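If you want the building blocks of each chain, they are given just below.
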Amino acid sequence: MTMSDKKKLVMVGNGMAGVRAIEEILKITSDMFDITIFGAEKYPNYNRIMLSPVLAGETTVEDIILNDEQWYADNDITLYTEKRIEKIQRAYKKVIADDGTEAEYDKLIIATGSNPFIIPIPGHDKEGVMAFRDIDDCDAMIEAAKKYKKAAVIGGGLLGLEAAKGLLNLGMETTVIHDQSTLMNMQLDSTAGEMLRSDLEAQGMVFKTSTLTEEILGENRVTGLQFKDGTSLECDLLIMAVGIRPNMALAKDCRLLCNRGIVINDYMQTVTDPSIYAVGECVEHRGAVYGLVAPLFEQAKTLAHMITGQGLKSYEGSVLSTKLKISGVDVFSAGDFMGASGADVIELMDQVGGVYKKLIIEDDEIKGVVMFGDTADGPTFFQWMQDGKDISDLRSTLLFSASGLGDSGHSGIDLAAEMTDATIVCGCNGVSKKDIVDAIVNDGLTTRKEITANTKAAGSCGGCEGLVYQLLTSTLGTAFVESEHDPICACTELNHEQVKEQIKARKLTTVRDVMHTLDWECEGCQVCRPAINYYIGMIWPEDSEDDRSSRIANERMHANIQKDGTYSVIPRIYGGETTPDDLIRIATVAKKYAVPTVKITGGQRIDLLGIKKEDLTSIWKDLDMPSGYAYGKALRTVKTCVGSEWCRFGTQNSTGLGIHLEKELERVWFPAKVKLAVSGCPRNCAESTIKDVGIIGVEGGWEISTGGNGGVHVVATEMLCLVETAEEVEEIVKAYLQHYRETGRHNERCAPWQKRVGMESIKIAVVDDIDNRKALVARLKVYMDTLDSDPWQDRIDDEARTGSKEFNEYRTIEIKEVNS
């Protein structure tokens, strides 16, 4: 199609919603329109959500540019920056800019966004009173921070808190004034609001809530605030962050119908003129206006569908959810999270862990969600809320996050895999699960950074970063290899190796020391805290302090929580070989506590399922057997065949070696769970070739192979070496596992670790270099010498000493269920 054949499409506004509409149009067709865009700012399209990190000096303007000038050129888009459209001449289908530039159109898109609202209180026009809306505002605030020291922010919503955090980082004493008692009261209930307030106060922010400002003091420049309760506050910079209003002045001037915003129909056309479309914060649809990004991007898709003639596809409004990271704190809310009086409410509170979750239930369906701290399941709850999913069978476990529980064996739930394709993963950029999975599968992406570059997911507030990693893992399985350069999580810029180096170099021995010394951006999350806790224990086994609050829930409970809220208990059965006395004891316990299911596991252990939380300690005491660690990132099982003692084909004593290895390695913590198997001959009845470490007896010795995995994505082991004696097997296996402990990343199984570091380098480290091998074994022994107690016995002793049946390490968990 030649240029003259193309229709002329002009867009007024160069913000996120408008340019997203252009992107959607270009996805459908790149040669239908000759596109011209007018932007009032001097910058190309940028991510307004990221203004706060720019203000805080954590990133630059260049880093938040979504589409640089080359993108416009590559797509043959004429971009006019710093040109404000002053007039739309509908009769001539023409727009005129403030410098006289004109552009004719066949179709026009108005995407003028919104204007910050300035409260018209006395003194609002003084020098030093400003809004926080664009990059110029950022620059003005940064300059002010160089001259003045006291700032005030009116507005305790998202934008106000982000502005306050930025000013705090610039070294200003910052006070937030909010007219409500709860911060972010549009997104959080009072409990979550108080937790947020406590967290931000710990960062240095000061609050005056339920406070109304009466007057802004000062001659020419603001010097303070006078409040209606008679108190006052000194300040020399005042930021108004009290909301936005649709920018519809231009639309009004050309007589388009406007109410709260520019009134549009379900096809994003103005109801006055079907050749003029509107999108974003400037529009009113079915009486609603939107300020969050996700609904604006939904509008953009509908606009693109309609304007390119793809047929009728209506926009019917958006159900809102909010998933954000505020000053390092994750929050999520959706629907009616307050609930009416007498509402059916399920709540979970973990004050030490900084986690709060609440669901509003009606007729066994989720009607509202609010979450603080751990928001990984927020998109799933939101999807279930939209789908009207019956959650009656899930009530007792809904709030125990699958991501927080970690790997619970075969009973674990992969929420990332269960999410529907339409589930929005990145609310900031409107990116669905399908968008991300398609990018992984179709474009061969393997890292979070590649996903962000391709889809923009996790490119704004970073709150969905964990979900993106889950989707990478879920989609790629053991083929997922984390980038060397990716930080552990959004709480830090440091990657796993850098954190380990700093822990070692500075001798950091507590989780708090690590986060304080390495300038963690918050109190940590469910990704980084368990990782740090593992690293300090691995590097400084004799001097470190285990932080129980940084362990996943199953490890704190020493049992696996099941889907109905009960637990499974698996005692240690070395090498899978048991005795009549042990079997009688297990059977007696099962009968005494009416255990509903007794199951032989794939790892040759006995699993008691359906245990009540209050019976755990009593059962462990009655069993009088060590913990099987089936809940942790530790040695789970050593599976064996009967070997040469009983089997006519057996060439080696596999059972004896397996029992010995299990006794040697029990209680050792690893980056992820570890399973071993020992087969007495190449018939491989113990399935050694799909274990983390597989050992097979052969004539005259043992084959040791490593890096196998029998999960969803089966990986066969690779041959490590052939040795002659059981003693050599023990030394090689210990060296291999210590090498894995030291160089593996938390939550990284042996298979992807081996793929990442390379089999040849592992062979050199643990087989060829004998001195290094012995050094590895020696370091493992130092660590193993500190493992002198069993967690079940510790809990039994603790109960005997204190008389308390509560788990000290988990005492702050409170689950409250209120039925209507």
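Residues numbered from 1 in each chain as written. Predicted model: local features only at pLDDT ≥ 70, side-chain atom pairs only at ≥ 80, totals over all residues. Heavy atoms only, no water.

1. Some details on the packing of aromatic side chains
Link 1 in the chain: Summed over the entire model, instances satisfying the criterion amount to 12 aromatic pairs.
Link 2 in the chain: For the pair Y629 and W669, a centre-to-centre distance of 5.5 Å together with 65° between the ring planes defines the contact as edge-to-face. Here the residue Y629 occupies a position in the loop between α20 (616–623) and β32 (635–640), and W669 occupies one in the loop between α21 (654–665) and β33 (674–679), the gap between them amounting to 40 residues.
Link 3 in the chain: On the accessibility criterion, W669 (15% relative accessible area) is buried.
Link 4 in the chain: Centre to centre, the rings of F670 and Y740 are 6.3 Å apart; their planes meet at 20°, and the pair counts as stacked. Here F670, found in the loop between α21 and β33, pairs with Y740, found in helix α22 (residues 726–743); they are 70 residues apart in sequence, far enough to count as distant.
Link 5 in the chain: By relative accessible area, F670 is classed as buried at 1%.
Link 6 in the chain: A relative accessible area of 0% means that Y740 is categorised as buried. (Phe/Tyr/Trp six-rings, centres within 6.5 Å; stacked < 30°, edge-to-face > 60°. Helix = DSSP H or I, 4+ residues; strand = E, 2+ residues; numbered from the N terminus. Buried < 20%, exposed > 50% of the residue type's maximum accessible area, 1.4 Å probe, protein only.)

2. Points about the side chain of Q299
Link 1 in the chain: If you trace the backbone, Q299 turns up in helix α8 (residues 293–307).
Link 2 in the chain: Under the relative-accessibility criterion, Q299 is labelled buried at 0%.
Link 3 in the chain: Once you skip the residues sitting within four places of it in the chain, Q299 turns out to touch M268, V279, G280, V283, Y290 and Y315. (Contact = heavy atoms within 4.5 Å.)

3. Here we look at the confidence of the model for the protein chain
Link 1 in the chain: Taken residue by residue, the protein chain gives an average pLDDT of 87. The fraction at 70 or more is 91%.
Link 2 in the chain: Taken element by element, the predicted model of the protein chain shows its lowest mean pLDDT in strand β37 (residues 813–818) (42) and its highest in strand β7 (residues 107–110) (98).
Link 3 in the chain: Predicted confidence for residues 402–413 stays below pLDDT 50, and this span has 27 contacts to residues more than four positions away or in other chains.
Link 4 in the chain: pLDDT under 50 marks residues 808–820. Its contacts with residues more than four places away, or in other chains, come to 35 contacts. (pLDDT = per-residue confidence, 0-100.)

4. Some remarks on helix α26 (residues 791–802)
Link 1 in the chain: The end-to-end C-alpha distance of α26 is 16 Å, a good match for the 16 Å that 12 residues give at a rise of 1.5 Å each.
Link 2 in the chain: P791, W792, R795, I796, D798 and E799 are the residues of α26 that are buried. Taken end-on, α26 shows its buried residues confined to a sector of 160°, consistent with a single buried face. Of the exposed residues in α26, the ones pointing more than 90 degrees away from its buried face are A800 and R801.
Link 3 in the chain: Buried positions along α26 lie against β29 (567–569) and α20.
Link 4 in the chain: The backbone nitrogen of W792 has a side-chain oxygen 2.9 Å away, supplied by the residue at the start of α26, namely D790.
Link 5 in the chain: The positive-phi residue at the C-terminal boundary of α26 is G803, with phi of around 75°. (Expected span 1.5 Å × (residues − 1). Arc of directions from axis to C-beta. Polar contact = N/O pair within 3.5 Å; in protein donor to acceptor, adjacent residues only side chain to side chain.)

5. Some details on the pattern of salt bridges
Link 1 in the chain: This structure, assessed with the given rule, holds 40 salt bridges.
Link 2 in the chain: Its salt-bridge partner being R286, residue D266 comes within 2.7 Å of it at the nearest N-O pair. Of the two residues, D266 is situated in the loop between β18 (262–264) and β19 (276–278) and R286 in the loop between β20 (283–285) and α8; the sequence distance between them amounts to 20 residues.
Link 3 in the chain: For the salt bridge of D622 with K592, the shortest nitrogen-to-oxygen distance reads 2.8 Å. With D622 in helix α20 and K592 in helix α19 (residues 580–592), this pair connects stretches of sequence that are 30 residues apart.
Link 4 in the chain: When its relative accessible area of 28% is taken as the criterion, D622 is described as partly exposed.
Link 5 in the chain: Taking the relative accessible area as the measure of exposure, K592 reaches 57% and is therefore exposed. (Salt bridge = Lys/Arg side-chain N within 4 Å of Asp/Glu carboxyl O.)

6. Looking at helix α6 (residues 190–202)
Link 1 in the chain: An ideal rise of 1.5 Å per residue puts 18 Å on 13 residues; α6 measures up with 18 Å between its terminal C-alpha atoms.
Link 2 in the chain: Taken as a whole, α6 has its buried residues at A192, G193, M195, L196, R197, D199 and L200.
Link 3 in the chain: Just downstream of α6 lies G204, where phi reads positive at about 110°.

7. So, the sheet that holds strand β10 (residues 150–154)
Link 1 in the chain: With respect to topology, five strands assemble into an open sheet ordered β9-β16-β10-β11-β12, the strand pairing being parallel. Bordering the open sheet on either side are β9 (129–131) and β12 (206–208), each of which pairs with just one other strand. For this sheet, the mean inter-axis angle between neighbouring strands, taken without regard to orientation, is 25°.
Link 2 in the chain: Two strands pair when backbone bridges link them, and strand β11 (residues 173–177) and β12 are joined in this way by three bridges, in the parallel orientation. The residue of β12 that forms the bridge with V176 is F207.
Link 3 in the chain: Sitting on the sheet, helix α5 (residues 158–169) touches β10, β11, β12 and β16 (237–240), and the angle it makes with β11 is about 170°. (Pairing = 2+ DSSP bridges. Axes fitted to C-alpha atoms, helices over the stretch in contact; angles between N-to-C directions.)

8. Topic: the packing of α21 against α22
Link 1 in the chain: In the contact formed by α21 and α22, the axes pass within 11 Å of each other and the chain directions differ by 40°. Viewed along their axes, α21 and α22 form a crossing whose handedness is right-handed. Contact residues: L657, H660, L661, E664 and L665 in α21; A726, V729, E730, V733, K734 and L737 in α22.
Link 2 in the chain: Among the residues making up the contact of α21 with α22, the classes are represented as seven nonpolar, one polar and three charged. (Left-handed = near helix turned anticlockwise from the far one by under 90°. Nonpolar A, V, L, I, M, F, W, Y, C, P; charged D, E, K, R; others polar.)

9. Points about the environment of K87
Link 1 in the chain: The topology assignment puts K87 in strand β4 (residues 85–89).
Link 2 in the chain: Here the alpha-carbon distance between K87 and D253, two residues 166 residues apart in the chain, equals 7.5 Å.
Link 3 in the chain: Those residues within four positions of K87 in sequence are excluded, and the remaining contacts are K94, V95, I96 and L250.

10. Observations concerning the side chain of T452
Link 1 in the chain: Within the fold, T452 resides in helix α13 (residues 448–455).
Link 2 in the chain: On the basis of relative accessibility, which here comes to 17%, the residue T452 falls in the buried class.
Link 3 in the chain: A polar contact is formed between the side chain of T452 and the backbone oxygen of A457, at a distance of 2.8 Å.

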